[in-house]
Amino acid sequence: MTTHDRVLELAAGAIDFELTAPERRTLDDHLSGCNSCRRHVDALGADARAIADHRAVTLSLATSSAILARVIITRRTVSPVRLVAIAALLALLTLAAAAAGGAVLRWLQDDRLTFVVPSPPVLEGVSPTPSPAPATGQILFEDGGAIFTIDLASGAVTRLADGAGPSWSPDGSLIAFTRSAADPQTFDPKIWVMDPDGGNQTQLGAGWGPAWSPDGLRIAFSRSPIDLGDLFVMNADGTGILALEGGSDFDWSPDGARIATATGSGTAELGLVEADGTGRTRLAAGQYPDWSPDGTRVAFVSWSPNPSIDLVDPSTGDVSTIAAGVGAAIGVAWSPDGSRIAFTSLDTGDLFVVPMTGGDPVRVVEGVDTANAPAWSKDGAWIVFTMEANGPEPPAPDIWLVRSDGSGALPLTDSGTARGPAWRPTAP
Amino acid sequence: MPKLVPSSPDDTYVAPPTMRVGEADAVVVAAYEAYHQELFGFLQRTVRDEAAAQDLLQETFLRLMGEVRSGRAPENSRAWLYRVASNLAISRGRRRATVVRWLTRYGVPEHQAAVEESPEAGAVRHEASDDLESALAQISADARAALILSGQGFSGAEIAQAIGRTGPATRTLMCRARLRLRDILATQEAVR
């Protein structure tokens, strides 16, 4: 490939992607001295604009209405729950991994994670590195319209209830969730609570997407899965509903006094609302807020000028960047001790952990589909997250588990419909 | 149950939020109103066939309805709709490409196979007045979808998500597509 070809490739790439600094230098240096390439690059830009400016055929009102009518009246049977938790295998693997001291997974040539049942390592005068403790505890998740827990020590999977969007109470003694009417023709979501074994299911009232306050006394929720820009708080028994100025992307402050919430998307604005409804302050432009465990900062994703993970001090409004150059980030989660932040990148599908002491983000899971929604174990040793298969069909998420140092990645489900994993908090 | 926060008389109480029966429909209708024309434009340009684009538009919103009714709805409905629409359009493109290859191999002339594939596409290809559309018709469905998404303001990262590839793979795909498109257009310009 000639230098000209390479430069044109960079120029074409720069239309949609951010170039690295050396790439940008190569491009600019060459263009400053090459008229022919400059003309070619201008033409590439003009082509891109022509595609954007091209007017497409529009649908007539009659056709458009007919399509909408068919969407509304078509009765779809919801696909049956197909949970295939690899439960027994999981229990076997966590035990075997501890015994063998080896990784339970390894990278194969096609760069995809594949199960490799561990065998005792062949040791040639080398003592095995001590294995970190296996993951323990319970993970709550949603799969195909039902709520499940998986016990990591035994591998036992329990189906708790029909529903979606489960959330642990802070002491792990209750689960709040959303349940819509069984008849798919009606849409009437209600917030429910139940015991961790699925018992004592109690309906609280209409609403969507509950999240407990840190003291367990209140529940924040929104009215609809589509971001209608609404946020409510109620007592944990469903009384005292209060409307706040916010959206469905929110996080409670550790002291429960305030809620960080982003409204809008793309140019989302991050704000702080008082949980008693007395006011709202603007914090920054960004979304996916996550409070530090000590409540002194809020981590969030900023999109401008380039995607980065930023921190904002809610008392001063000062913003600093802790990770940049990793593409469009989503799914920000602070480790329980506040020393690290996990996040995922839409650009590459990678899961990263960035230390708060400074330094580059560490890639924990690499190049396998799209990771999202990371959640830490209480000891900070493990991260549970979803991985959406990249393929010809719509998103097919499954739940994975990985050590926070990147070893021992393991799928917990292979249904293609599992999401929203959360580690059960333990009573202090 | 945890103990409850005593409610103070100063609290601003509002009526409990209610979801009326059929509100899923309302949610989907609102999304349809907002996005169906731009999605149809995207689909029509990607599959180059108006009837097929209508079918895919319907399928895309049926899937949104399925998600909302079963309690799993996308956080960003526009991005979700584009992602599903892209996947449907690209899958269709792959199936069509297979059919055309099969027909060609078994003795059906290539141009007839192309006409079989889509009368509209053939018409578009032969319309000399629309160089850009005819150039776009000559690249693969996923590359075409990516360039049109870019034209609709999506970033490289969002496009990667929509077409189900990694960022680096999408960058390579789009780079090659843009350079190829330029070559085709330059040849067309030279002919005239």
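The shown structure was predicted, so the numbers you read here are calculated from the model rather than taken from an experiment.

Definitions and limits used
Residues numbered from 1 in each chain as written. Chains lettered and ligands numbered in written order. Predicted model: local features only at pLDDT ≥ 70, side-chain atom pairs only at ≥ 80, totals over all residues. Heavy atoms only, no water. Phe/Tyr/Trp six-rings, centres within 6.5 Å; stacked < 30°, edge-to-face > 60°. Buried < 20%, exposed > 50% of the residue type's maximum accessible area, 1.4 Å probe, protein only. Lys NZ or Arg CZ within 6 Å of the ring centre and 35° of its normal. Axes fitted to C-alpha atoms, helices over the stretch in contact; angles between N-to-C directions. Helix = DSSP H or I, 4+ residues; strand = E, 2+ residues; numbered from the N terminus. Parallel < 35°, antiparallel > 145°, perpendicular 65-115°, else oblique. Contact = heavy atoms within 4.5 Å. Nonpolar A, V, L, I, M, F, W, Y, C, P; charged D, E, K, R; others polar. pLDDT = per-residue confidence, 0-100. Expected span 1.5 Å × (residues − 1). Arc of directions from axis to C-beta. Salt bridge = Lys/Arg side-chain N within 4 Å of Asp/Glu carboxyl O. Pairing = 2+ DSSP bridges. Polar contact = N/O pair within 3.5 Å; in protein donor to acceptor, adjacent residues only side chain to side chain. Core = buried A, V, L, I, M, F, W, Y, C linked by side-chain atoms within 4.5 Å. Disulfide = S-S within 2.5 Å.

Trainee: Is there a simple way to explain the packing of aromatic side chains in this structure?
Mentor: In this description, a pair of aromatic rings is defined by centroid distance and the angle of the planes. A full pass over the atoms with the stated rule returns 7 aromatic pairs over all chains. Judged by centre distance (5.3 Å) and plane angle (20°), the ring pair of F343 of chain A and F352 of chain A falls under stacked. Looking at F352 of chain A, the relative accessible area reads 5%, which means it is buried. Put simply, the rings of F42, Y82 and F154 of chain B touch in pairs and so form one group of aromatic residues. One cation-aromatic arrangement involves R179 of chain A over W192 of chain A; the distance from NZ or CZ to the ring centre is 4.3 Å.

Trainee: Please explain the packing of helix α3 (residues 35-53) of chain A against helix α9 (residues 167-191) of chain B as it appears in this structure.
Mentor: A pair of packed helices is characterised by two quantities: the angle between their axes and the separation of those axes. One way to put it is that α3 of chain A packs onto α9 of chain B with a least axis distance of 10 Å and a crossing angle of 95°. For the element pair α3 of chain A / α9 of chain B, the angle class is roughly perpendicular. Of the residues in α9 of chain B, those in contact with H40, A43, L44, D47, A48 and I51 of chain A of α3 of chain A are R178, L179, L181, R182 and L185 of chain B. Here the contact of α3 of chain A with α9 of chain B is built from residues that sort into 7 nonpolar, 1 polar and 3 charged.

Trainee: Could you clarify how one ought to interpret the confidence of the model for chain A in this entry?
Mentor: Do not read the fine detail of predicted coordinates wherever pLDDT is low. Residue and element names in this part refer to chain A. Taken over all residues, the pLDDT of chain A has a mean of 78, while the share at 70 or more is 78%. At the low end of the mean pLDDT range in chain A sits strand β1 (residues 105-107), at 26; at the high end sits strand β8 (residues 190-194), at 95. Residue range residues 75-131 is modelled with pLDDT below 50. Its contacts to residues more than four positions away, or to other chains, number 85 contacts.

Trainee: Even after reading the chapter, I still don't get α3 of chain A, so can you show me in this structure?
Mentor: Side chains of residues three or four places apart in an α-helix project in the same direction, reflecting 3.6 residues per turn. Residues and elements named next belong to chain A. Taking 1.5 Å of rise per residue, 19 residues should cover 27 Å, and α3 covers 27 Å from first to last C-alpha, within 8% of that figure. Along α3, the residues that are buried comprise C37, V41, A43, L44, D47, A48 and I51. Viewed end-on, α3 has its buried residues packed into an arc of 155°, placing them on one side of the element. Opposite the buried face of α3, at more than 90 degrees from it, the exposed residues are R39, D42, R49 and D53.

Trainee: I would appreciate a short explanation of the pattern of salt bridges in the present structure.
Mentor: Where charged atoms of side chains with opposite charge meet at close range, the side chains can pair. Following the criterion strictly, the structure yields 14 salt bridges over all chains and no others. Across the salt bridge formed by E23 of chain A and R171 of chain B, the nearest N and O atoms sit 3.1 Å from each other. With one member in each of two chains, E23 of chain A in helix α2 (residues 21-33) and R171 of chain B in helix α9 form a pair that bridges those chains. Judged by relative accessible area, R171 of chain B falls into the buried class, the value being 19%. R419 of chain A is the partner of E67 of chain B in a salt bridge, and the nearest nitrogen-oxygen pair spans 4.0 Å. Remark: R419 of chain A occurs in strand β30 (residues 418-423) and E67 of chain B occurs in helix α2 (residues 50-69); the pair is interchain, linking two chains.

Trainee: It is not clear to me how the sheet that holds strand β5 (residues 157-162) of chain A should be interpreted in this structure. Could you clarify?
Mentor: Strand pairing in a sheet takes place through backbone hydrogen bonds and is either antiparallel or parallel in direction. Residues and elements named next belong to chain A. With antiparallel pairing, 4 strands are arranged side by side in an open sheet as β5-β4-β3-β30. In this open sheet, the two edge strands, each paired with only one partner strand, are β5 and β30. Between one strand axis and the next, the sheet turns through 25° on average, direction left out of account. When strand β3 (residues 138-143) meets β30, the two strands line up antiparallel, connected through 4 bridges.

Trainee: Looking at this model, I keep getting lost on α9 of chain B. Mind explaining?
Mentor: Taking 1.5 Å per residue as the helical rise, α9 of chain B with its 25 residues ought to reach 36 Å, and the 36 Å between its terminal C-alpha atoms agrees with that figure. Where α9 of chain B begins, one side-chain oxygen reaches toward the backbone nitrogen of A169 of chain B, 3.3 Å away; that side chain belongs to T166 of chain B.

Trainee: Got a minute to help me understand the nonpolar core in this structure?
Mentor: Soluble globular proteins: nonpolar side chains tend toward being buried together. In this structure, L57 and F61 of chain B are the most contacted members of the largest nonpolar core, which totals 53 residues. Breaking this core down by element, the ones donating at least two residues are α4 (61-73) of chain A together with α1 (23-47), α2, α3 (77-105), α6 (131-136), α7 (141-151), α8 (156-163) and α9 of chain B. Other than its neighbours up to four places away in sequence, L57 of chain B contacts L59 and I67 of chain A together with Y32, H36, L39, F40 and L43 of chain B. A375, V384, L412 and W423 of chain A belong to the second-largest nonpolar core, a separate cluster that totals 15 residues.

Trainee: Explain the pairing of strand β22 (residues 329-334) of chain A here, please?
Mentor: Two faces, one strand: in a regular strand the side chains alternate between the faces of the sheet. Where burial is concerned, most of β22 of chain A is hidden: 6 out of the 6 residues are buried. In sequence, β22 of chain A turns back onto strand β23 (residues 340-345) of chain A through a hairpin of 5 residues, with G338 of chain A there showing a positive phi of about 75°.

Trainee: Please clarify how unusual backbone geometry should be interpreted in this entry.
Mentor: Peptide bonds are, in most cases, trans, and in most cases residues other than glycine have a negative phi. All names here are of chain A. One non-glycine residue, N200, adopts positive backbone phi at about 50°. Within the fold, N200 resides in the loop between β8 and β9 (202-206). Classification of N200 by relative accessible area gives exposed; the value is 59%. Look at Y288: it is not a glycine, yet its phi comes out positive at around 55°. Residue class for Y288 comes out partly exposed when judged on its relative accessible area of 22%.

Trainee: I tried to follow the confidence of the model for chain B on my own but got confused; where do I start?
Mentor: Residues and elements named next belong to chain B. Here chain B averages 71 in pLDDT, while 67% of its residues score no lower than 70. In the predicted structure, residues 1-21 sits below a pLDDT of 50 and forms 41 contacts with residues beyond four places in sequence or in another chain. If you check the scores for this complex, the pTM reads 0.53 and the ipTM reads 0.71.

Trainee: Just checking my understanding: could you explain the state of the cysteines for this structure?
Mentor: What is meant by a disulfide is a covalent connection between two cysteines, made through their sulfur atoms. Scanning the model with the defined rule gives 0 disulfides over all chains in all. C37 of chain A provides the cysteine sulfur closest to C34 of chain A, a residue in no disulfide bond, and the two sulfurs are 3.6 Å apart.

Trainee: Whenever I open this one, the sheet that holds β8 of chain A confuses me. Can you help?
Mentor: Residue and element names in this part refer to chain A. A sheet is described by the order of its strands in space; here 4 strands give the open sequence β6-β7-β8-β9, paired in antiparallel fashion. With one partner strand each, in any of the chains shown, β6 (164-168) and β9 form the two edges of the open sheet. Neighbour to neighbour, the strand axes of the sheet diverge by 25° on average, direction disregarded. The pairing of strand β7 (residues 175-179) with β8 spans 5 bridges and is classified as antiparallel. Note that in β8 the partner of F177 across the bridge is W192.

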